[in-house]
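Summary of the model geometry
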Amino acid sequence: MLKFSADLRVNRPVEKVFAWLTNAANQGKFDKTSLAMELLTPRPWQAGSQFRELRNLGGRKTEVFSEIIDFEPNKKFVIQSKTG
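Position numbers for residues start from 1 in each chain and track the written sequence from start to end. It should be noted that, the model being predicted, local features are given only for residues of pLDDT at least 70 and side-chain atom pairs only at 80 or more, the latter also being counted only at that level, while totals for whole chains, interfaces and linings use all residues. With hydrogens and water set aside, each side-chain value is computed from the structure's full complement of heavy atoms.

Regarding the sheet that holds strand 2 (residues 50-57)
Here four strands make up an open sheet; going across it, the order is 1-2-3-4 and the pairing antiparallel. The open sheet terminates on both sides in strands that have one partner only, identified here as strand 1 (34-39) and strand 4 (76-81). Neighbour-to-neighbour, the strand axes of this sheet turn through a mean angle of 30°, independent of strand direction. We call two strands paired when DSSP finds no fewer than two bridges between them. Numbering of helices and strands starts at the N terminus; helices are DSSP runs of H or I of at least 4 residues and strands are runs of E of at least 2. Each axis is a line fitted through C-alpha atoms, taken for helices only over the stretch in contact, and angles between the N-to-C directions span 0 to 180 degrees.

Following this line, the structure appears as structure tokens:
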């Protein structure tokens, strides 16, 4: 299983940074393999929210379905792929 985490400091209020990170339209701005992300369940992001994403993996465009499995507002979110 692939795990990715990041720890960095941003000179902005945590609420604004978290809101930016949990906006599907911004996914490709910090994950260069992400070409597009669409939320399939009603907003706001929460545990159980599902996504469809188009990714560039190894030079191939691949459709990936994912779900948020852990969500703590302004602290963390964990996305797990449901695609093989």
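Here's the deal with the side chain of T22
Relative to the helices and strands, T22 is located in the loop between helix 1 (14-21) and helix 2 (27-30). Not counting the four nearest positions on each side in its chain, T22 is found in contact with R43, W45, F71 and F77. We call two residues in contact whenever any of their non-hydrogen atoms come within 4.5 Å of each other.

Notes on the side chain of Q27
Here Q27 lies in helix 2. The buried label goes to any residue with under 20% of its type's maximum accessible area, the exposed label to any with over 50%, and the partly exposed label to all in between, with areas taken from a 1.4 Å probe on protein chains only. For Q27, a relative accessible area of 6% puts it in the buried group. Each residue touching Q27, except ones within four places of it in the same chain, is listed here: S34, M37, E53 and R55.

Focus on the nonpolar core
Considering soluble globular proteins, one finds that nonpolar side chains tend to be buried as a cluster. Nonpolar cores were defined as sets of buried Ala, Val, Leu, Ile, Met, Phe, Trp, Tyr and Cys residues, with membership established by side-chain atoms within 4.5 Å. Counting residues in each nonpolar core, the largest one holds eight residues, listed as F18, A24, M37, L39, W45, F51, I68 and F71. At the level of elements, strand 1 and strand 3 (60-72) are the ones that each hand at least two residues to this core. Residues within four places of F71 in sequence aside, it is in contact with F18, T22, W45, Q46, A47, K76 and F77.

Things to note about the pairing of strand 4
Relative to strand 4, strand 3 is paired through six bridges, and the arrangement is antiparallel. Paired with S66 across the strands is S81, a residue of strand 4. Taking the residues between adjacent antiparallel strands as the criterion, strand 3 and strand 4 are bridged by three residues, where N74 takes a positive phi near 65°.

Considering the pattern of salt bridges
Salt bridge, as applied in this entry: a Lys or Arg side-chain nitrogen positioned within 4 Å of an Asp or Glu carboxyl oxygen. Enumeration over the complete set of coordinates arrives at seven salt bridges. Residue R55 is joined to D31 by a salt bridge in which the shortest nitrogen-to-oxygen separation is 2.7 Å. Linking R55 in strand 2 with D31 in the loop between helix 2 and strand 1, this pair joins segments that are 24 residues apart in sequence. Exposure remark for R55: the relative accessible area of 14% places this residue in the buried category. We note a salt bridge from E63 to R52, for which the minimum N-O separation is 3.1 Å. Of this pair, E63 sits in strand 3 while R52 is found in strand 2, placing the two residues 11 residues apart along the sequence. Using a relative accessible area of 30% as the deciding quantity, one classes R52 as partly exposed. Linked by salt bridges that have partners in common, D31, E53 and R55 make up one network.

So, to be careful, I would describe these as geometric facts and stop short of saying anything about function.
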